[in-house]
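Geometric and topological summary
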Amino acid sequence: MFSIDELRFASKFPFSATSRQVLKLNGFELNRVPAQVLKKAVLLIVFAQKPHKKAEYEKFFSERQIGSSDLLLTDVQAFPVAKILLSAMNQPEFFDRFADLFARQTFFYLSLESNKETLLGLANEMNSKAHPSSKQGFFAQVALTDFLEANFREDFMKLVNQQLDSGTIFLNRNDFCRFLSELSRERVASSLPVSLENVPKNFVDVSRQLKEQLAFRKRQEFDFKSLGSVDQDAFPPCMAKIYSELLAGQNVNHPGRFNLATFLVAIGMPTDQIVDAFKGAPNFDEKVTRYQVERIAGHGKAKYSPSSCAKMREYELCVANCPVTHPLQFYRNQKQGAKTADAQSASE
Amino acid sequence: MVFGLFLKLFPHPWYGFGDHVVSDLDFLTERFRSFYQKTNVSEPPGVEFREFGYGIFGKKISGRHLNFVSLAEFNSFLRSQVPFYVSYSPAFYQYPANRPMAAKELLHSDIVYEFDADDLKTPCAQEHDFWECKSCHAAGRGVVEACSSCGGSSIAADQWVCENCLETVKKQVFRLVDVIENDFGFSDGLDFNFSGSKGFHIHLRGKSVQGLSAKARVELLDFVTGTNLDLQSLGFSESNNALRCTPFRSSHGWSKKILEALHELLESGDASRLAVAGSVSIRTANKVIEDKTAVWESVQKGLFPTVSSKSVVFWKNVLEFVSSDLGLSVDRQTSMDQYKIIRVPETLHGSTGLLAKKIIFNSLSSFNALEESVVFGNDPVKLFVSRAPKIRIGGESFGPFENQETELPEFAAVFLLCHGAATLAENHVPLKEALR
Ligand code: SF4
Ligand SMILES: [Zn+2]
Ligand SMILES: [Zn+2]
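Residues numbered from 1 in each chain as written. Chains lettered and ligands numbered in written order. Predicted model: local features only at pLDDT ≥ 70, side-chain atom pairs only at ≥ 80, totals over all residues. Heavy atoms only, no water.

The name that an unreviewed UniProt entry assigns to chain B is DNA primase small subunit PriS, with the source organism given as Candidatus Iainarchaeum sp. On record in UniProt, under Subunit (unreviewed entry), the comment for chain B is "Heterodimer of a small subunit (PriS) and a large subunit (PriL)." UniProt annotates chain B under Sequence similarities (unreviewed entry) with the comment "Belongs to the eukaryotic-type primase small subunit family." (UniProt positions renumbered as here; feature names shortened; annotations may be inferred.)

As recorded by an unreviewed UniProt entry, chain A carries the name DNA primase large subunit PriL and is attributed to Candidatus Iainarchaeum sp. We quote the UniProt Sequence similarities (unreviewed entry) comment for chain A here in full: "Belongs to the eukaryotic-type primase large subunit family." Recorded under Subunit (unreviewed entry), the UniProt text for chain A is reproduced unchanged: "Heterodimer of a small subunit (PriS) and a large subunit (PriL)."

Laid out in structure tokens, this is it:
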């Protein structure tokens, strides 16, 4: 079986190959999931849902280190169960939050890790290759194509800020830990959603309850109008492009106009101002435009919302590859200064 | 069915020169047709997995989602339909003709970098471009941001290209190749071609590149353009009131590029430039230049020496100044929008009648696009030219022209007709109206 050290590793890094081995050899089966595993899975999702203070994260992570092997196994099993629940909830922004929790967890454990082999080995466990640095002054080296599988929302991860030479990236110890953390973020996020075939009925019930509970909490917490005045600099590239094309009097196709209008309504731009934006458009008709914008705004009735990035791509309106799944999400992040994500900076 | 549009646009049989009046469009179509009839286009590789699009006169993409099972089928399309523009997807799809885009099922994708003279704002554009105000219809020579007559900013530009423009673009291409090979380490699968108009395309078709995710492509592009540079992440950090960096010997990527550019600035001995870069007095800048050897020695070891009471601010300004010149002006959308389709190499560009000629890297430095991409002959053609700057094409110079009749060799005539700057003299209906 597994040593307690292996179990502990698997529980710290539940997306690792070791963790999958543990599940397999313990005969993990979906229709015989113990209650405490399901409970732990729900806890993970709820905790992941919103950002916390650094100390709260540390408390959450460090509890795991003192667990017995039973508790450790519960943690290992809770991970795939949580992924199923999340997939059944089918809300991509929850996926990102969940991946964020594990990116933080990974960084937390790695910065406590004294064994160099464990650090380098974790890359392998995530299907990526890392080697001790062949150049002086660095801890590890990673091939460019492997590095490019990580997540790049943070400045420190951007390729342009790396020590890159002939297709190899050289990293110091702290940067290497951050790389592994961002790689785990990407691996967890891209593993979602999972297939929902043969999922026991009680999972579906739990996920529905969870979804309602979280959606309710979210609605209470978030209203785009609370972001204050409309700020053109915070527009996602797609909307900025349509907006400036309209202002420049260029012809914008129907899906373009429609999505811009719904976007502007959603971020709280007053109707008059939206109508103004359309003034420059060829064949502008103020009455018709105003009627349409008001319809979009819904005045309490049928309300239209702007398309997701995926839909925008289908309309061929997407012009960039922002780290979001919805143009509104982009706007919100910009307005909130994208503050929440960079808690794990070098100085910690 | 897809070609219905073509039939609508080209309903007339070919009349030939004889005594009949030939429309400009017919004339060009026939020139293009004769080219495709005697040519066999052997691009792109993996033709059966690519999506194609075509354009008609005045519209680069008027239809897309086409697919060809072989190069032979593609060539017979070129011969029978004679498009003015042909584009293809850098992406390989399982079902290239399916719609919407997602139903094509992406397999993998090349990366294409595009450089265009328009993005580089070459000074010669002041001599060969024209502008016209969309509000008050004032017009003039050169490039303007706002109308000189009414101040309006809605400007139509009539842009031309010259050898100088293309030489400037080439310099960017060489710097890009340096990045691709020495930073990225991608040396295989690099292909180059003239865009057929104002720039060059660089295709990365190697295995290691084709599998990269959309996010990874953005990172490569940001590296190329120097977007999201963060001095601190690059190792330039402040401690004890001094700026430090990774020693030059162990610097790579952008930290190395920035230090090299700094070295160059110091070596140039240009104190006024340094003063501007660092926002300091010329006196302070002069002191740094006098000391440049010692300064550079210290920087190489990782410490920016004290030059004034505000040294840290000074050095940061200088670093930002030098790095802002280092990013390449590659067209972001071409590399980023995975659904964008681009000119098929070795086909004609409908705005110039020039060939989007493939180039072997070793001959790029001596490549003269405006000579070597000319495919049409010398038969004289009488034209009425509305407006053109002096152009140099096919090794000869022509113009400038303004509302005048002239006789030009066919290749130059095609160039002006494609630009929309001329019409066949025998037929005074301008192309644009013929299209209405
Ligand atoms: S990724 Fe989304 S937000 Fe960004 S440009 Fe595309 S559609 Fe807009
Ligand atoms: Zn004007
Ligand atoms: Zn020029």
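Anyway, onward from the coordinates.
Re the interface of chain A and chain B
Counting residues at the interface gives 31 residues for chain A and 40 residues for chain B. Here chain A packs against chain B, burying approximately 2,700 Å² in sum over the two surfaces, 56% of which is carbon and sulfur. Of all residues in chain A, Val160, Gln163 and Asn321 of chain A give up the largest surface area on contact with chain B, accounting jointly for 22% of the area buried on that side. At the surface where chain A touches chain B, the tally comes to 2 salt bridges. Close ionic contact of Glu186 of chain A with Lys215 of chain B constitutes a salt bridge, the shortest N to O distance being 2.9 Å. On the surface where chain A and chain B come into contact, there are 11 residue pairs in polar contact (both at pLDDT 80 or more). For the side of chain A that touches chain B, the secondary-structure elements that each account for two or more residues are helix H8 (144-147), strand E3 (163-165) and helix H15 (309-314) of chain A. Per element, the largest residue contribution to the side of chain A that touches chain B is 3 residues, and it comes from E3 of chain A. For the side of chain A that touches chain B, the class distribution of residues is 14 nonpolar, 8 polar and 9 charged. (Contact = heavy atoms within 4.5 Å. Buried area = accessible area lost by both parts, 1.4 Å probe. Salt bridge = Lys/Arg side-chain N within 4 Å of Asp/Glu carboxyl O. Polar contact = N/O pair within 3.5 Å; in protein donor to acceptor, adjacent residues only side chain to side chain. Helix = DSSP H or I, 4+ residues; strand = E, 2+ residues; numbered from the N terminus. Nonpolar A, V, L, I, M, F, W, Y, C, P; charged D, E, K, R; others polar.)

Considerations on the coordination of the zinc ion (ligand 2)
All names here are of chain B. Cys133 (SG), Cys136 (SG), Cys147 (SG) and Cys150 (SG) make up the full set of protein donors to the zinc ion (ligand 2), lying at 2.3 to 2.4 Å. Each of the 4 donor atoms around the zinc ion (ligand 2) contributes to a set of angles spanning 104 to 116°, which defines the coordination as tetrahedral. Site description for the zinc ion (ligand 2): donor spacing in sequence, C-x2-C-x10-C-x2-C. The exposure class of Cys147 is buried, given its relative accessible area of 5%. (Donors = N, O, S within 2.8 Å, 3.2 Å for Na, K, Ca; no water. Tetrahedral: all angles 85-135°; square planar, octahedral: opposite > 155°, others 65-115°. Buried < 20%, exposed > 50% of the residue type's maximum accessible area, 1.4 Å probe, protein only.)

Let's talk about unusual backbone geometry
Put simply, Leu192 of chain A and Pro193 of chain A share a cis peptide bond, and its omega is -5°. Tracing the backbone shows Pro193 of chain A in the loop between helix H9 (173-190) and helix H10 (201-221). Going from Gly399 of chain B to Pro400 of chain B, the amide bond is cis rather than trans, its omega being 0°. Its identity is not glycine, yet His65 of chain B carries a phi of approximately 70°, on the positive side. Considering the arrangement of structural elements, one finds His65 of chain B in strand E2 (residues 59-66). By relative accessible area, which is 10% here, His65 of chain B ends up buried.

Some points on the UniProt feature "binding site: [4Fe-4S] cluster" (unreviewed entry) in chain A
Residues and elements named next belong to chain A. The positions that UniProt labels "binding site: [4Fe-4S] cluster" (unreviewed entry) are, in the present scheme, Cys238, Cys309, Cys318 and Cys322. Annotated residues spanning 85 residues; largest pairwise C-alpha distance 9.9 Å, indicating a single compact cluster. Relative to the helices and strands, Cys238 is located in helix H11 (residues 237-247). In this structure Cys238 touches Met312, Leu317, Cys318, Val319 and Pro327, once residues within four positions along its chain are discounted. Along the chain, Cys309 turns up in helix H15.

Remarks on the coordination of the zinc ion (ligand 3)
Residues and elements named next belong to chain B. For the zinc ion (ligand 3), every protein donor is listed as Cys124 (SG), His128 (NE2), Cys162 (SG) and Cys165 (SG), and the spread of their distances is 2.1 to 2.3 Å. Around the zinc ion (ligand 3) sit 4 donor atoms, and with donor-metal-donor angles ranging over 104 to 123° the site reads as tetrahedral. Here the donor residues of the zinc ion (ligand 3) share one chain and are spaced in sequence as C-x3-H-x33-C-x2-C. Under the relative-accessibility criterion, Cys162 is labelled buried at 19%.

Remarks on the confidence of the model for chain B
Residues and elements named next belong to chain B. Chain-level statistics for chain B give a pLDDT mean of 90 and a share of 93% at 70 or above. Note that residues 1-20 has pLDDT below 50 and, in this model, 28 contacts with residues that lie over four places away or in other chains. For this predicted complex, the interface confidence comes out at an ipTM of 0.84, alongside a pTM of 0.77. (pLDDT = per-residue confidence, 0-100.)

Observations concerning the site of ligand 1
Taken together, Pro236, Pro237, Cys238, Cys309, Met312, Arg313, Cys318, Val319, Ala320, Cys322 and Pro327 of chain A make up the full set of residues near ligand 1. Among the elements that take part in the shell around ligand 1, H15 of chain A stands out by supplying 3 residues, more than any other. (Near = heavy atom within 4 Å.)

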